[in-house]
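Examination of the molecular architecture
So you can see what is in the structure, the chains are spelled out below.
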Amino acid sequence: TCNLLLPPFSLTPSQTQSHSVNMKLVVFACLVAVAVAAPQIRGDAPEYAEIIAYENEDSGDGNFRYSFQTSNGINQNARGYPGSQGQSNIEGSFR
């Protein structure tokens, strides 16, 4: 076992006050960082959008087609087919 003898530790009143101010600044900085990092949700934007239309076809041979529309106006559709070198070719639109 190792026994260390340390001198008594004490702070003067001015050091205690300075330490307290420093700790308050650190806590304040942490609170500001958390507030800035919080997700920003606009009042006019819904938190979640609902899917109002969805279609999906997959023939199993690499050909597929899908489309969807959400309540916040997002529309997406795509069509895919196998390429001549084994790749997937996909074309579609997003609005």
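Rules of the game
- Residues numbered from 1 in each chain as written.
- Predicted model: local features only at pLDDT ≥ 70, side-chain atom pairs only at ≥ 80, totals over all residues.
- Heavy atoms only, no water.
- Helix = DSSP H or I, 4+ residues; strand = E, 2+ residues; numbered from the N terminus.
- Buried < 20%, exposed > 50% of the residue type's maximum accessible area, 1.4 Å probe, protein only.
- Contact = heavy atoms within 4.5 Å.
- Polar contact = N/O pair within 3.5 Å; in protein donor to acceptor, adjacent residues only side chain to side chain.
- Pairing = 2+ DSSP bridges.
- Axes fitted to C-alpha atoms, helices over the stretch in contact; angles between N-to-C directions.
- Phe/Tyr/Trp six-rings, centres within 6.5 Å; stacked < 30°, edge-to-face > 60°.

An unreviewed UniProt entry lists the protein chain under the name Cuticle protein, with Homarus americanus given as the organism.

What follows deals with the overall build of the protein chain. Counting its secondary structure elements, the protein chain contains one helix and four strands. Going residue by residue from the N terminus, the α and β elements of the protein chain occur as α-β-β-β-β. Across the 95 residues of the protein chain, 4% fall into the buried class. Summarising the internal contacts of the protein chain: among those between residues at least 6 apart in sequence, 1% fall at separations of at least 24.

Within the secondary structure, N63 sits in the loop between β1 (51–58) and β2 (64–70). When its relative accessible area of 30% is taken as the criterion, N63 is described as partly exposed. Placed 17 residues apart in sequence, N63 and G80 show a C-alpha to C-alpha distance of 5.5 Å. Beyond its immediate sequence surroundings of up to four residues, N63 is in contact with E57, D58, G80, Y81 and P82. Within the structure, the side chain of N63 is placed 2.9 Å from the side chain of D61, a separation counted as a polar contact.

Adjacent strands of a sheet form backbone hydrogen bonds with each other and so pair up, either parallel or antiparallel. Strands sit in the order β1-β2-β3-β4 across an open sheet of four strands; the sheet is antiparallel. Edge strands, defined here as strands with exactly one partner in the open sheet, are β1 and β4 (88–94). Taking each pair of neighbouring strands and ignoring which way they run, the sheet shows an average axis angle of 10°. Bridge count for β2 against strand β3 (residues 75–82) is six bridges, and the pairing is antiparallel. Bridging across to β3, Y66 finds its partner in A78.

Applying the stated criterion across every chain yields a total of one aromatic pair. Taking 6.5 Å as the distance between ring centres and 10° as the angle between the ring planes, the aromatic pair formed by F64 and Y66 counts as stacked. The class for F64 is partly exposed, based on a relative accessible area of 24%.

What follows is about the pairing of β2. Pairing of β1 with β2, which is carried by seven bridges, proceeds in the antiparallel orientation. Across the sheet, E55 pairs through a bridge with S67, a residue of β2. Count of turn residues in the β1/β2 antiparallel hairpin: five residues, of which G60 carries a positive phi of about 90°. The antiparallel pairing of β2 with β3 creates a hairpin that spans four residues between the two strands, and G73 there sits at a positive phi of about 95°.

Before going further, it helps to examine the pairing of β3. Pairing between β3 and β4: seven bridges, direction antiparallel. Within the sheet, the bridge partner assigned to P82 lies in β4 and is S88. Hairpin connection from β3 to β4: five residues lie between these consecutive antiparallel strands, with G86 at a positive phi of about 90°.

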